[in-house]
Amino acid sequence: MASVLLSRVLGFFREWTVAHKIGASGITDSYYAAFTLPDFLNYLVAAGSLSVTFIPVFSKYVAEENEEVGWRVFSIVTGVMGLLLVAVVLLGEMYAPHLISLLAPGFGPVEKARVVFLTRVMLPAQFCFCMGAILSAVQYAKGEFVVPSLAPLVYNAFIILGGVLLASRIGITGFAVGVVAGAIIGNFLLQVYGAIRVGAKFTPSLNIRHPGFIMFVKLAIPIMLALSLSFTDDWVIRWFGSYLQPASITWLTYGKTLMRVPLGIVGQAIGVASFPVLATLYSEGRLDEMNRMLHATMKGLVLMLVPIAALTMAQSRPLVHLVFSHTRLHEFDLDSTAATLVFFSLGMFGWGAQNILARGFYATRDTITPAVVGTGMTFASLPLYWLFVRHGQHLGLALASSVGITIYTILLFVLLFRRTHDRQAGELLWFSAKVMLASAVGGIVSWKFSNWLGGHIAWRSMHGALADVCIVSTFGIVLTALLIWILRVPEMTMYARRIYRGRTRVTVGDTSS
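Everything quoted here is computed from the prediction, not taken from an experiment.

Chemist: Hey, could you go over the overall build of the protein chain for me, with residue numbers and the actual values?
Modeler: Helix and strand content of the protein chain: 21 helices and 0 strands. Of all 513 residues assigned to the protein chain, the portion counted as buried reaches 54%. Within the protein chain, contacts between residues at least 6 apart in sequence are counted, and of these 84% link residues at least 24 apart. When the accessible surface of the protein chain is split by element, carbon and sulfur atoms take 68% of a total near 22300 Å².

Chemist: Go over the packing of aromatic side chains with me, naming the residues and quoting the values.
Modeler: Enumeration over the complete set of coordinates arrives at 16 aromatic pairs. Here the aromatic rings of Trp 71 and Phe 74 are separated by 5.7 Å at their centres, their planes lie at 85 degrees, and the arrangement is edge-to-face. One end of the pair, Trp 71, and the other, Phe 74, are both in helix 5 (residues 67-94), 3 residues apart, so they sit about a helical turn from each other. We note that Trp 71, like Phe 74, is buried.

Chemist: Can you tell me about the pattern of salt bridges, naming the residues and giving the values?
Modeler: Summed over all chains, the structure comprises 6 salt bridges. Among the salt bridges present, the one from Glu 15 reaches Arg 14, with a minimum N-O distance of 2.8 Å. Measuring nitrogen to oxygen at the nearest pair gives 2.7 Å for the salt bridge that ties Lys 256 to Asp 234. With a gap of 22 residues between them, Lys 256 in helix 13 (residues 248-283) and Asp 234 in helix 12 (residues 229-241) connect regions that are remote in the sequence. Accessibility classification places Lys 256 together with Asp 234 in one group, the buried group. Salt bridges sharing partners connect three or more residues here, namely Asp 233, Asp 234, Lys 256 and Arg 260.

Chemist: I'd like a rundown of the nonpolar core, residues and numbers included.
Modeler: Residues Tyr 31, Phe 54 and Phe 324 are the most contacted members of the largest nonpolar core, which totals 119 residues. In terms of residue count, the dominant contributor to this core is helix 18 (residues 368-419) (13 residues). When residues no more than four places from it in sequence are discounted, the contact partners of Phe 54 are Gly 70, Val 73, Phe 74, Val 77, Ala 137, Val 138 and Phe 216.

Chemist: I'd like a rundown of the side chain of Glu 15, residues and numbers included.
Modeler: Counting through the fold element by element, Glu 15 comes out in helix 1 (residues 2-21). Judged by its relative accessible area of 4%, Glu 15 falls in the buried class. Within the structure, the side chain of Glu 15 is placed 2.8 Å from the side chain of Arg 14, a separation counted as a polar contact. Dropping the residues within four chain positions of it, Glu 15 is found in contact with Tyr 32, Tyr 254, Thr 257 and Phe 324.

Chemist: Hey, could you go over the packing of helix 19 (residues 425-454) against helix 20 (residues 462-486) for me, with residue numbers and the actual values?
Modeler: Running from N to C, helix 19 and helix 20 point in directions that differ by 150 degrees, and their axes come no closer than 9 Å. Comparing the axis directions of helix 19 and helix 20 gives the class roughly antiparallel. Here helix 19 runs over helix 20; the crossing is right-handed. On helix 20, the residues that touch Val 435, Ala 438, Ser 439, Val 441, Gly 442, Val 445, Ser 446, Phe 449, Ser 450, Leu 453 and Gly 454 of helix 19 are Asp 468, Ile 471, Val 472, Phe 475, Gly 476, Leu 479, Thr 480, Leu 483 and Ile 484. A breakdown of the residues in the contact of helix 19 with helix 20 according to their chemical character gives 12 nonpolar, 7 polar and 1 charged.

Chemist: Outline the environment of Met 259, listing residues and values.
Modeler: Here Met 259 shows up in helix 13. Residue Met 259 is classed as buried on the basis of its relative accessible area, which comes to 0%. Distance in space between the C-alpha atoms of Met 259 and Thr 340 is 9.6 Å, their sequence separation being 81 residues. With sequence-adjacent residues up to four places away left out, Met 259 is seen in contact with Leu 341, Phe 344, Ser 345, Met 348 and Trp 351.

Chemist: Can you lay out a nonpolar patch on the surface for me, pointing to particular residues and giving the numbers?
Modeler: Taken together, Leu 437, Val 441, Val 445 and Phe 475 make up a surface patch of nonpolar side chains, about 300 Å² in accessible area. It is helix 19 that provides the largest number of residues to the nonpolar patch, a total of 3 residues. Among the secondary structure elements, Leu 437 is positioned in helix 19.

Procedures and definitions
Residues numbered from 1 in each chain as written. Predicted model: local features only at pLDDT ≥ 70, side-chain atom pairs only at ≥ 80, totals over all residues. Heavy atoms only, no water. Helix = DSSP H or I, 4+ residues; strand = E, 2+ residues; numbered from the N terminus. Buried < 20%, exposed > 50% of the residue type's maximum accessible area, 1.4 Å probe, protein only. Contact = heavy atoms within 4.5 Å. Areas by Shrake-Rupley, 256 points an atom, 1.4 Å probe, with all protein chains shown as cover. Phe/Tyr/Trp six-rings, centres within 6.5 Å; stacked < 30°, edge-to-face > 60°. Salt bridge = Lys/Arg side-chain N within 4 Å of Asp/Glu carboxyl O. Core = buried A, V, L, I, M, F, W, Y, C linked by side-chain atoms within 4.5 Å. Polar contact = N/O pair within 3.5 Å; in protein donor to acceptor, adjacent residues only side chain to side chain. Axes fitted to C-alpha atoms, helices over the stretch in contact; angles between N-to-C directions. Parallel < 35°, antiparallel > 145°, perpendicular 65-115°, else oblique. Left-handed = near helix turned anticlockwise from the far one by under 90°. Nonpolar A, V, L, I, M, F, W, Y, C, P; charged D, E, K, R; others polar. Patch = residues over 30% accessible without salt bridge, like charges linked within 9 Å, V, L, I, M, F, W, Y side chains within 5 Å.

Here it is in structure tokens:
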């Protein structure tokens, strides 16, 4: 969680550096649109999901005390996927102009040419992401999380360095160069070192008939063929955004980036840490323990993310003014970004929960259900995006994103708890309803308090925005916690006791030392 926190902070500074060096315009829209084809090719070979498809396979061999075979499968998967990535990247470089016309059709000739150039610069990074995903998977399966967690830190740091050192000379291309450098060092070379540390054994092999590789392919193919809303949302937003006024994609990107900061800190960390354990529990047939862990994980997610989402919506304007001060963004850009943040925050819990629920399916070696549901939701959501963008422009896209991911999460929740034969799902729903009610009331009161405070504090300045955010956040957290306690949510007291005991142990330890 600490590494994800640092990663999200660096991720924000990455976007802040773009805003500081370039601003918000058609140039930045081209830069963000240039990620679409690399992300799409990455998705086609399941590079974004290689860790969640390989971990259950490797865990199976470890549980059967047959780790040597697990390393043999690791070698086959690495060799085959590496060759596949090289071929896919080369095809992407060759046909980039034609593919960009399909993925971002609303751009004019100048913007399109810029997107094609930046795309070609960043495409080779996908090989590093793919190999890094497999190398990270074996580290996760062996219970090592430190080195894999450093990958996004190094990646974001090099993008920032690329912008700081090169933007004055080559403009937005400096950030694209940083993307490639960060992927090579953080996602590939560093993960090679991490895999060696856990005893990885690589023997070149392309034995695609090996039972372990066949099991991996059966898990990976549904993800490769599916179009999950959690992956396609960015692509759809960029596709529609290319038809909107200049800087629309940039506002949406900045708003979604801010929403992802708490989402990544809580949801991503919990998902990464819990998945190997869930896979092991299922491999050992301990379904009751798996269900208990899913319940505890989901409750923790609700208790942290829902109040944060409510308070983020309540303070969106001073928050955006705070974090994007001293950049090239104008007042209209700041207000537009703040508005998108409100609508993206509506889906914050959905984004976090679907990450956990999908991993629940993957732990049971079922990648087909999330793939089918995700693909169905993607196509079903397209009319929603079209309708909302017609009436709300960029705000409509943010709202459609939140509505779509929320429906997708509900469907995954129902199907997963049916699959694991969980009879206590009603308790989790009742718990969630209480927390949501308390958070909604706390958020509305905090929003009114923020508006009142805005009449006494110059919140459009950096210091005023900082004061507004700190005061209202403290007020909102205390109020929401009090409301949750009044609604008799026992987990609130349990977590408070654990924190108190943890602090007590630290104090005693410091005293004795």
